[in-house]
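Given next are the chains, with one letter for each unit.
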Amino acid sequence: MILRLLTLSLLILYPVAWFAPLMRAGLLPVFGLSEISVITGLQSLWGSDAVLALIVTFFAIFAPYLKTIGLALVQWNLLDARLKPVLHVLGKLAMADVFLIALYITLAKGIGLATIETAWGLYLFTGCILASLGLGMANTAQAFRKDISG
């Protein structure tokens, strides 16, 4: 029951993480820093490159949320457990965006002209994805134990 409740809590935490500030960025520290969230980053990306925005939207929003919904449905026996490999792939795709954010922060810091500070939303977003990954593994282990025991 705890796994089910934790999975359902992610359905609330993901939207919070999408709007939470991931980082504060600015050209130089003197000019002040703007807060960037998943949503504001996607809004800006949609204005400049729709194809890339579509790809990032899938990785940042749809992949983790669909995986969490699917996992919850499997846990409540509303979806066939044979779809777990698909959910596993969605979880791996969701991790790709955290890697990309870390890469962008590293690149921007290396340039030296920009100031970037990580914000609490980055940790929340990363935590949601890692929790989803952990819950998926725990759910698989639980199903494996049930298969062995009878």
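A.B. asks: An account of the packing of aromatic side chains is requested, with residue identities and associated values reported.
C.D. replies: The full count for this structure, using the stated rule, is 4 aromatic pairs. Just above the ring of Trp 76 sits the side chain of Arg 4; from NZ or CZ to the centre is 4.4 Å.

A.B. asks: Give a description of the layout of surface pockets that names residues and reports values.
C.D. replies: One number sums up the size of the second largest pocket: a volume of about 370 Å³. Looking at the lining of the second largest pocket, the elements that each hand over two or more residues are helix H1 (2-19), helix H3 (50-75) and helix H5 (120-149). Looking at the lining of the second largest pocket, the element that brings in the most residues is H5, giving 5 residues. Classifying every residue of the lining of the second largest pocket by side-chain character gives 7 nonpolar, 4 polar and 4 charged.

A.B. asks: Requested: an account of the sheet that holds strand E1 (residues 21-26), with residues and values cited.
C.D. replies: Read from one edge of the open sheet, 3 strands run E2-E1-E3, paired in antiparallel fashion. If you trace the sheet from one side to the other, it starts and ends with strand E2 (34-37) and strand E3 (115-118), each paired once. Going from strand to strand, the sheet's axes swing by 30 degrees on average, the running direction of each strand aside. Here E1 runs beside E2; their pairing, made up of 4 bridges, is antiparallel. Bridge pairing links Pro 21 to Ser 37 in E2. Contacts from helix H2 (residues 38-48) reach E1 and E2, with the element oriented near 90 degrees to E2.

Cut-offs used in this document
- Per chain, residues are indexed from 1 in the order of the written sequence.
- Side-chain atom pairs in this predicted model are given and counted only at pLDDT of 80 or more, local residue features only at pLDDT of at least 70, and totals for whole chains, interfaces and linings cover all residues.
- The basis for every side-chain value is the complete set of non-hydrogen atoms in the structure, without hydrogens or water.
- Put simply, two rings from Phe, Tyr or Trp (the six-membered ring, in Trp's case) pair if the centres are within 6.5 Å, and we call them stacked under 30 degrees between planes, edge-to-face over 60, tilted for the rest.
- In our convention, an over-ring charge means Lys NZ or Arg CZ found within 6 Å of a ring centre and within 35 degrees of that ring's normal.
- The way it works is a 1 Å grid over only the protein atoms, where trapped points that fit a 1.4 Å probe form a cavity and open points with protein on both sides within 12 Å along at least five of seven lines form a pocket, and then any residue with an atom within 4 Å of a point lines it.
- Grid points are joined across faces, edges and corners, and a volume is the space filled by probe spheres set on the points.
- Labels follow the DSSP assignment, with helices taken as runs of H or I lasting at least four residues and strands as runs of E lasting at least two, numbered in each case from the N terminus.
- Polar here means any residue other than Ala, Val, Leu, Ile, Met, Phe, Trp, Tyr, Cys and Pro, which are nonpolar, and Asp, Glu, Lys and Arg, which are charged; Gly is therefore polar.
- Strand pairing is defined by DSSP finding a minimum of two bridges between the two strands.
- Where helices are involved, their axes are fitted lines through C-alpha atoms of the stretch in contact, as for all axes, and angles between N-to-C directions lie from 0 to 180°.
- Should any heavy atoms of two residues lie within 4.5 Å, those residues are considered in contact.

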